[in-house]
Structure formats: structure tokens, C-alpha cells
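Spelled out from the first residue to the last, the chains are:
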Amino acid sequence: MASKNAASGKEKLIDEEQEILQAVVLADSWNRRFRPLTTKKPRCLLPICNAPLLDWTFESLALAGVQEVFVICRSYSEQIKDAIKKSKWSRTGSGMKIVPIMTAKETYSAGDAMRDIYTRGLVTGDFILVQGDLVSNIQIDEVVRVHKERRKTNKDAILTMVVKEAGVQHRTRSRGDSPIFVVDSETSECLHYEPSFAFPKKQHANIPREVLAEHKEVEIRYDLIDCGIDVCSFEVPSLFQDNFDYLDMRRDFVHGVLTSDLLMKNIHVFVAKDGYAARVQDTRSYESISKDILSRWTFPLVPDDNYPGSERYQHTGGNQYVAKTHPATISRTAKIGRNTLIGSSTRIHDNAEIIGSVVGPNCTIGAGSVIENAYIFEGTTVGAECRVTRSIVGSGVEIRDGSTVERGSLIGDGVVIGPGAKLKPFERLSVPWKAPASTAGSDEDDDEDSDIEDIEASQDTVDKASLGPESNAVVWIDKPPEDDDLDSPENYNNLKYMRLGEDDVTLDVHHSDKDTESVVSEEQQLQDSSDEEDNYDDHTDAESVVSLSKDTQGGLMADKEFRSEVNQSLERAFAEGHSVDNAAVELKTLRMASNVPLIRVKEAVVAAIVEKIPVLEGAAEQRMEVNKTIARWGQLINRIGGVDPVETISLLQRHISTSARMSLFGQILAAFYQTDVVEEDDIRAWHSLSTSQGIDLPLGEERENMGKAWIVGAHMIHQLDQQSDSEEEGSDEDEESD
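Residues numbered from 1 in each chain as written. Predicted model: local features only at pLDDT ≥ 70, side-chain atom pairs only at ≥ 80, totals over all residues. Heavy atoms only, no water.

Where an unreviewed UniProt entry is consulted, the protein appears under the name Translation initiation factor eIF2B subunit epsilon, with the organism given as Ephemerocybe angulata. A UniProt comment under Sequence similarities (unreviewed entry) is attached to the protein, and it reads "Belongs to the eIF-2B gamma/epsilon subunits family." (UniProt positions renumbered as here; feature names shortened; annotations may be inferred.)

Next up, the structure:
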């Protein structure tokens, strides 16, 4: 009998070792945030940095060692199948098997897709669930390992959600859909999940009293980015089958499981400390993730290494990328700025400027035209003396001479505008719609077809003079629907917060008391903690929900007391020469015990590092002290969690404007840059914020010093531009000598 038990244990071990790591990719988006770019193709096939989004997702899964992928698709399923067939993943020896699965026409949500997965019996064990718009270099296999270890002792742990800490201004953080997580501090179990939109804006969090009563210590987190990566147990699809009201993965399934008295299942979070993960959920995140790829935050998923597209790129100084196989033809008088990618066989004519942009293959940029922070798809022609700013331009578009495309514009495939077109901000254009043979009657639903038909039917009332005399465009009229659902993130006003080019909160959005107030019952009241804390510009949202510990009886540690604790902790670290990692651990522990948001810790750390720098008379000695202090302690700012360099610069500026070390701002910022605490793009992003000039402050010394710091930042950006120009000239001379 003993030998039989030993044999069965050995077989079980072999089965575990041979278990295939499966992933499910939901290719449909079930929203219309990219229209009209997605009227004839799915979002997952839109290019980002000249490679289809779906290929970036596959590359992310390949890094995690996934062996089998099921791609669940309804809309444009033939296009998706064809794209997979032509990709490198269909080749023998690719290491990952990809199986496209066409779902029923009635699949209108993630919940419907999960029910289809259950019906087909696709998954055989724990699996990874992602959307087809993921860009990630996180080691998801480590999350799988943690999930499986947990399930050995807790079979009810059915789902692990991957999240990352991030400041409220982090550019990959969705402004329109940033949920609240309530997490057990010891076990990482998610105890409560609450959606939170930019509109209507929440004033309170509705947390059940029993969550606080039954757990010794909980964290109420509004500083987490949902990466859209889930590790699911095999019974998750069956729960969707049993509950047909589960439509959205978070707002219905996660919320439903956590509030059910019958299911008795557990959901956990995995806070990823390292790596990058973000979803291209809207046009704003499209821009953010494009810039992160170009700035190499996604390494090794970058254009010159582990690039998911078919082309290969050469990486040069200033994060410039040029196709290697079929190089672009670039005039010697053209200017290519930093963080720019130029596709194969593209032609850039005399005196054209490409700045912080992605230009697709086989494009033409005319003489004297400026492409700034824009994204141009394959085969597009931009005429002479045009300007395209912070917009997405589809494939095969013609922007004829002398035209201007303002920020936030979306131009669909095949559109012609100009000459002399003047597009307004957030203009959306497409060609007249005709149902493609591959989608008509099977892939696209009738609602979407009728939506486009309604837009075309309204063209008689549209003044198209600004589109130019040779335009073929249909104008998408921007107006709220009659049946706008305020309980959905797709409501008209909330979508404005998620669109490309909408940086300032100057939206024409009026919040009524009925819309914005979230009433909390007497048994559940958790008062907005911003009443307890100082107002801090753009961070009031982050401070409306804070970490809560039972032993503090629901109150917050006084700000003065907390700052004193942080200063004492840092003084010990400075005096005793602690490592940065050890100092960060102590600060994180203090934060959890003190019930304060992350930004308060960063605020205190930035202030302590600045005040540690002695003020000296000699310029050389002063610079040496600044560099020495920042080199030793600067990375502590990023080690405490929620890396947000733009926020770091804002905190530095705000503190130093009331400090005796005001004159050191430029040197400290330069030291931050030299030690990689912040990047050049971060300095530019901070400088472009409306709050960075201090004009929102009352007249006085602080406002004056904020303005001085802003001017110092402008000088630094000018110096970086000059340095870039000299590097480009040196590169040209080297090419001539070759």
C-alpha cells in the first residue's frame, strides 16, 4: 500500500510539472472609445508603435511562458484570424500555440465571452485572462505561482488581480475609471471593490461595516492601477454560467462575488512592484503607452528588441527609432526630435519636423510640415506646410497642403481633407460607411450599424467648409445621447476625461448634487478624508480614500504627528547610513500604520531630502553637495511605491517654493535627471501642467517662487534641446565620414 501511495504522489508531481500554462485573450472591447478608427477594424488590430496591439499582448504572454492562447473574438473575427495566421506566432517553433475562437453573435460583454468559454470547455486548469489591448513586461508566471500556492490551502481563492501602485497624475492611470480597492493588509484578499468615475464624481466610498469589523487591518486603496491581468481558477467561467447578470469583469463579477452571501469565494490582488503593465483602454492611454514604449519603460518590449511587429528598428540617441530593413528617406534639412519612430519606406521632405510622434510605414510628410505628438498610420500622406498635433490619423489618409489638425482629432482610414483644412480640437472624421464583406451581417451588430447610419444621415446640417474643398469626410457630431447611463463609464461626460489631448480639467461638465453625491447609509459612513487633510491641487481624488486601521478607531493620524514620524525615520536613516531599500521598507510600514495616502509620504520624503542639502557659498561646492545627496537618497522617492516622476517634480517645486533652498531648484532637478529619478519627458510633462506656473495660488512669495522654478525648468528644457541638436549634428558628421 505504501508503494502505491508513493507512486500516485509521483504521478501527481509529474502532472503538475507537465501542466500547460493557458491564457485567454478577449479581443473585443465592447465600447466605442476609438471610433471612427474602429468602424472597419477591431481595436486590437490598431497599430501602436507600428505593431498591432494584439501582437503586443501576445508578446507579453510569451514573456510569461504561456504555451497556449485562446483568442475569443466576435467582431471582425475573420480579420483577427487572418492577422494571427500571418503573424510570427503561426510559425512552427514559435513556442506558443494561438487558437482563435469565434463566439456567437449575441456575445455583447466579457461575461458573455466567459460563458462561451465554459460552454466550449476550453480551459483545463488555472489560466491567465487578459484583454487584447495589453502591453506588459511583468512576469505573470510569478503571479500564477503565487495564485497556485494560495489555492493549495484555500480552494475558494478563485481569482488574483494584478495591480500596480501609481500616483493620481500617472499618465497610464485612467482618469475616467479608477476604482477603489479595500484589501486585507496581511493576506492581500480583496474585501471590497467599488467603481469610481470622473463623472459622476464620488464623494464617499460605500464600504460595508462588516468588512471593517471582521478584519484586523485593511487598506483602502485609490492609488492602484488595474493592469487588466487576472489569474483565474478553472471554475471562474462556471460562475458566469450560473449568474447571467455578470457582464463586466470588475463591476459585475468581482463586485458580485465579494458581496454574495452564497458563493463564499475569495478574490486577491497581487501588487506588482517591478515591471510595466497597462491597457490601451482609450485614446488618452494610447498616447501614454506609446510614449512609454518609446521611452523604454516597457523594456525588453521595445522597437529594437523583442518587438512584436515584422519590422526591425535601429535605436539612436534621444530615443529615435528608424526602420532598418527598408529605411525611411529623410531630408537633411528635416528635423527628427526625440521619442520618435519612423516606419519603413517613409519619406520626410525638406524642413519637416517630427517631434515625439510615431509615423507608420510608407507614409509621406511634406516639406515644412510639423508632426508633433501625433500618431500617423500606414500609407498616409501629409502635404506641405501642414501641422498635426496630438491626434491619431488612420491608414491611407490624405492631409493636403496647408492643413491644420488640432489636438484630440481622430481621422479614420481613407479620409481626405484640404487643402487648407482647419480642424477643430477633438474633431472626428471618417469616410462614408459601407459594410465590408468580411463583417456585414455576421460580425458587427445592428446597433453599431445604425449608429453610423444616423451620423451619416445628419450630415446635411454640418458645415464642412473647414475640411477643405476636396474633402470626402463624414463629420462625427459630438453630442450626448438621449439615454445616457451615468452608472456606466461610457457616459458622455466621463468619456471626455479619457480622450487624447484633454489634459486640463477645463471640461464643460456640470455636476449636479444628484449626480455627484454618493449617499452612504448610517451603518456604512466613511467620511471623505479630504475634509481631514489639506487641499493639495490635483491630488484631492487620491486623498478621498485612505488606508484605515481598526486600532485607530477610524480616525487619521494628525498630519503634524505623521510628518514628525517620517522625519525621525529619515533622520535615523541619514545618520546611520541605512540602505535605500531598508529606509523604504520602514517608510512603507509607517504609512500603513498611519492611515495616510502615498502622496503624503512622497511629500515628506522630498522635503526631507531637500532640507538635508546644506546651503554653501561656493557654486562648485554647492553643486557637489546637491549631487552627492541626490545620488545617495534620490531613488528613495521611487522605492516607496507609486512611481510618478511628474508628481515628484511637482512636489519638489511646491516644497522648495517655501524653503530657504529655493535657489537650488535647478541643481536638484538636474541631479534628479542625472540619477534617473526623473526623465526628460517627465520634465517636459511637468512644465506643461497649468499648475506648474503657480498661477492658481494667491499673490505672494510662494506664487513668485513657483514662477521662478517654472522659468528654471524652461531653461533646462532649452539646454536639453540644444544638446539633442548637437548630438544629431555629430551623428550627421559621422555618417559623412563613413
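Caption draft 1: Looking closely at the overall build of the protein. Looking only at helices and strands, the protein has 22 helices and 36 strands in total. Residues counted as buried form 54% of the 738 residues belonging to the protein. Summing over all exposed atoms, the protein offers an accessible surface of approximately 32500 Å²; the carbon and sulfur share of this is 48%. (Helix = DSSP H or I, 4+ residues; strand = E, 2+ residues; numbered from the N terminus. Buried < 20%, exposed > 50% of the residue type's maximum accessible area, 1.4 Å probe, protein only. Areas by Shrake-Rupley, 256 points an atom, 1.4 Å probe, with all protein chains shown as cover.)

Caption draft 2: Broad picture of the pairing of strand β6 (residues 127-131). Where burial is concerned, most of β6 is hidden: five out of the five residues are buried. Across the two faces of β6 the burial is the same, with Phe-127, Leu-129 and Gln-131 and Ile-128 and Val-130 all buried. Looking at chain direction, strand β1 (residues 22-26) and β6 are connected through five bridges and run parallel. Its bridge partner being in β6, Gln-22 is matched across the sheet by Phe-127. The pairing of β6 with strand β12 (residues 224-232) spans four bridges and is classified as antiparallel. Looking at the pairing, Val-130 lines up with Ile-229 of β12. (Pairing = 2+ DSSP bridges.)

Caption draft 3: How the structure looks around the packing of helix α17 (residues 619-633) against helix α20 (residues 665-674). At a closest axis distance of 9 Å, the pairing of α17 and α20 adopts a crossing angle of 45 degrees. In terms of axis orientation, α17 runs oblique to α20. Considering how the two elements wind past one another, α17 and α20 form a crossing that is right-handed. Contact with α17, carried on its side by Gln-622, Arg-623, Val-626, Asn-627 and Ile-630, involves Gln-667, Ile-668, Ala-671 and Phe-672 of α20 and no other residues of that element. (Axes fitted to C-alpha atoms, helices over the stretch in contact; angles between N-to-C directions. Parallel < 35°, antiparallel > 145°, perpendicular 65-115°, else oblique. Left-handed = near helix turned anticlockwise from the far one by under 90°. Contact = heavy atoms within 4.5 Å.)

Caption draft 4: Quick peek at a negative patch on the surface. A cluster of acidic residues, Glu-482, Asp-483, Asp-485 and Asp-487, forms a negative patch on the protein surface. Turning to its location among the elements, Glu-482 is positioned in the loop between β35 (474-475) and α11 (492-496). Here Glu-482 falls in the exposed class, since its relative accessible area comes to 87%. (Patch = residues over 30% accessible without salt bridge, like charges linked within 9 Å, V, L, I, M, F, W, Y side chains within 5 Å. Salt bridge = Lys/Arg side-chain N within 4 Å of Asp/Glu carboxyl O. Lys, Arg positive; Asp, Glu negative; His and termini not counted. Charge placed at Lys NZ, Arg CZ, Asp CG, Glu CD.)

Caption draft 5: Representation of the nonpolar core. If you look at the biggest cluster of nonpolar residues, it comprises 46 residues, and the most contacted ones within it are Val-605, Leu-636 and Ile-668. Considering every element that reaches this core, the biggest residue donor is helix α16 (residues 598-612), with nine residues. Non-local contacts of Ile-668, meaning those with residues more than four positions away in its chain, are made with Val-610, Ile-613, Val-626, Ile-630, Leu-652 and Ile-656. (Core = buried A, V, L, I, M, F, W, Y, C linked by side-chain atoms within 4.5 Å.)

Caption draft 6: Looking closely at helix α4 (residues 110-120). Most of α4 sits inside the fold, with eight of its 11 residues counted as buried. Among all positions in α4, only Ala-110, Gly-111, Asp-112, Ala-113, Met-114, Arg-115, Asp-116 and Ile-117 are buried. Contact partners of the buried residues in α4: β1, β4 (68-73), β6 and α7 (236-242). Once α4 finishes, Gly-121 follows within two positions and takes phi at roughly 65 degrees, a positive value.

Caption draft 7: Representation of the confidence of the model for the protein. Scored by pLDDT, the protein has a mean of 83; 85% of the residues are at 70 or more. Across residues 508-558 the pLDDT falls below 50, and counting only partners more than four positions away or on other chains, this stretch makes 122 contacts in the model. (pLDDT = per-residue confidence, 0-100.)

Caption draft 8: Structural view of the sheet that holds strand β13 (residues 266-271). Ordered by their spatial adjacency, seven strands build an open sheet running β5-β4-β1-β6-β12-β8-β13, and the pairing between neighbours is mixed. The open sheet terminates on both sides in strands that have one partner only, identified here as β5 (97-102) and β13. Each neighbouring strand pair of the sheet contributes to a mean axis angle of 25 degrees, computed without reference to strand direction. Sheet analysis places β4 next to β5, joined by six bridges and oriented parallel. For Phe-70, the partnering residue across the bridge sits in β5 and is Val-99. Contacts from helix α2 (residues 53-63) reach β1, β4, β5 and β6 within the one sheet, and its direction differs from that of β1 by about 160 degrees. Packed onto the sheet, helix α5 (residues 140-153) meets β6, β8 (157-165), β12 and β13 and runs at close to 140 degrees relative to β8.

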